[in-house]
Amino acid sequence: MVVRFLYLMFLSAIAYGTEVVSARISRHSSLVELGTVIDTRYQKDFAVCFEGIDLDALEDAGELGIWGCPVRFILKTSDGYYSLTMNNTPGVFNLYPVKRLFFGVYVLPEEDEILGKCLYMPELYDKLKAEGVYILSESELSEIAKLPADERRAILQDYAQHHYKEPQKTAG
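Residues numbered from 1 in each chain as written. Predicted model: local features only at pLDDT ≥ 70, side-chain atom pairs only at ≥ 80, totals over all residues. Heavy atoms only, no water.

Remarks on the overall build of the chain
The criterion, for reference: Labels follow the DSSP assignment, with helices taken as runs of H or I lasting at least four residues and strands as runs of E lasting at least two, numbered in each case from the N terminus. Three exposure classes are used, based on accessible area relative to the maximum for each residue type with a 1.4 Å probe and protein chains only: buried under 20%, partly exposed in between, and exposed over 50%. It only takes one pair of heavy atoms within 4.5 Å for two residues to be counted as in contact. What sets the accessible areas is the Shrake-Rupley method with a 1.4 Å probe; for residues, cover comes only from the shown protein chains.
What the chain contains, in helices and strands, is four helices and seven strands. Along the chain direction, N to C, the helices and strands of the chain fall in the order α-β-β-β-β-β-β-β-α-α-α. By the burial criterion, 35% of the 172 residues in the chain qualify as buried. Taking the contacts inside the chain whose residues are at least 6 apart along the sequence as the reference set, 63% of them involve residues at least 24 apart. Of the roughly 10,900 Å² of accessible surface on the chain, a fraction of 56% belongs to carbon and sulfur atoms.

Remarks on the nonpolar core
Test applied: Definition used in this section: a nonpolar core is a set of buried Ala, Val, Leu, Ile, Met, Phe, Trp, Tyr and Cys residues joined via side-chain atoms within 4.5 Å.
Formed by 30 residues in total, the largest nonpolar core has its most connected members in F50, F73, L75, M86, F93, L124 and L128. When contributions to this core are tallied by element, the ones reaching two or more residues are β1 (20-28), β3 (71-77), β4 (80-86), β5 (92-100), α2 (122-130) and α3 (138-145).

What to know about the packing of aromatic side chains
So the rule is basically this: Stacked, tilted and edge-to-face are the three classes applied to pairs of Phe, Tyr and Trp rings, where Trp contributes its six-membered ring and a pair requires centres within 6.5 Å; stacked means planes under 30 degrees apart, edge-to-face means over 60, and tilted covers the rest. Two conditions define a charge sitting above a ring: the NZ of Lys or the CZ of Arg must be within 6 Å of the ring centre, and it must be within 35 degrees of the ring normal.
For the structure on display, the rule yields six aromatic pairs. Ring geometry for F46 and Y164: centres 5.6 Å apart, planes at 75°, overall edge-to-face. Of this pair, F46 sits in the loop between β2 (36-38) and β3 while Y164 is found in the segment after α4 (149-161), placing the two residues 118 residues apart along the sequence. Here F46 and Y164 have matching classes, each one buried. We note K165 situated over the ring of Y134; from NZ or CZ to the ring centre the distance is 4.2 Å.

Quick look at the environment of R41
Here is the rule we go by: A 3.5 Å cut-off defines polar contacts: any pair of N or O atoms within that distance qualifies, except that in protein one atom must be a possible hydrogen donor and the other a possible acceptor, and neighbouring residues in sequence count only when both atoms are side-chain atoms.
Position of R41 among the secondary structure elements: in the loop between β2 and β3. Between the C-alpha atoms of R41 and Q161, which are 120 residues apart in sequence, the distance is 9.2 Å. Apart from the residues lying within four places of it in its own chain, the contact partners of R41 are A160 and Q161. Of note is the side chain of R41, whose polar atom sits 2.5 Å from the side chain of D39. Within the structure, the side chain of R41 is placed 2.5 Å from the side chain of Q161, a separation counted as a polar contact.

Remarks on α2
Let me state the cut-off plainly: This arc is built from the directions going out from the helix axis to the C-beta atoms.
Of the residues making up α2, those classed as buried are L124, Y125 and L128. The buried residues of α2 occupy one face: seen down the axis, they fall within an arc of 100°. The exposed set on the far side of α2, more than 90 degrees from its buried face, consists of E123, D126 and A130. Its buried side turned inward, α2 meets β3, β4 and β5. Positive backbone phi, at 110°, marks G132, one or two positions downstream of α2.

Section: the side chain of T85
Mapped onto the elements, T85 comes out in strand β4. T85 gets classed as buried once you look at its relative accessible area, which sits at 9%. If sequence neighbours within four positions are ignored, T85 has contacts with W67, P70, V71, R72, V92, F93 and N94.

Some remarks on the confidence of the model for the chain
Selection criterion: Values of pLDDT, which run from 0 to 100, indicate the predictor's confidence residue by residue.
For the chain, mean pLDDT is 82; residues scoring 70 or higher make up 83% of the total. Across the chain, the secondary-structure element scoring lowest on mean pLDDT is helix α1 (residues 2-16), at 44, and the one scoring highest is α2, at 95. Confidence drops under pLDDT 50 across residues 2-15; counting only partners more than four residues distant or on other chains, this segment forms zero contacts.

Side note on a nonpolar patch on the surface
Note the cut-off: Patches in this entry comprise residues that are over 30% relatively accessible and not in a salt bridge; like charges within 9 Å are linked, as are nonpolar side chains (Val, Leu, Ile, Met, Phe, Trp, Tyr) within 5 Å. In what follows, salt bridge is the name for a side-chain nitrogen of Lys or Arg lying within 4 Å of a carboxyl oxygen of Asp or Glu.
On the surface, L101, F102 and F103 cluster together into a nonpolar patch covering about 340 Å² of accessible area. With respect to the helices, strands and loops of the structure, F103 is situated in the loop between β5 and β6 (106-107). A relative accessible area of 72% means that F103 is categorised as exposed.

Now the structure itself:
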């Protein structure tokens, strides 16, 4: 029975590739320069937005968009962990495999041959925004950049503290 179960699990891994099990907003870790940790202020798991997405099958889209003030996620998958950065340009993401260290810190592997991918996925971008992920648009970033330094700093600090807002419920 156990052998049969393991065989089925093996076949499902081949058939479905690398599926997202959980997707949580992260923040920079003070413990490790490149590390990120799950941001415990946000309890929401965005895995439902990733249903049907096979990370292995996604192709690199090259250099796209601007970076500005992105939102980062830690993805737990059937194959390990990934860091996904949601760009301020709609639909643009960067994906890197990461390894989990102590205290839930995730860092890029030391192997030089492991490279990330730039992805263009407007449908995922729209799903995440509909689920309450808050990200500044390019035009908003441009307007903020025109403000005096103190105002700009205050707005960006507040933004860094609030990457998730409950979506508005529509009557219907």
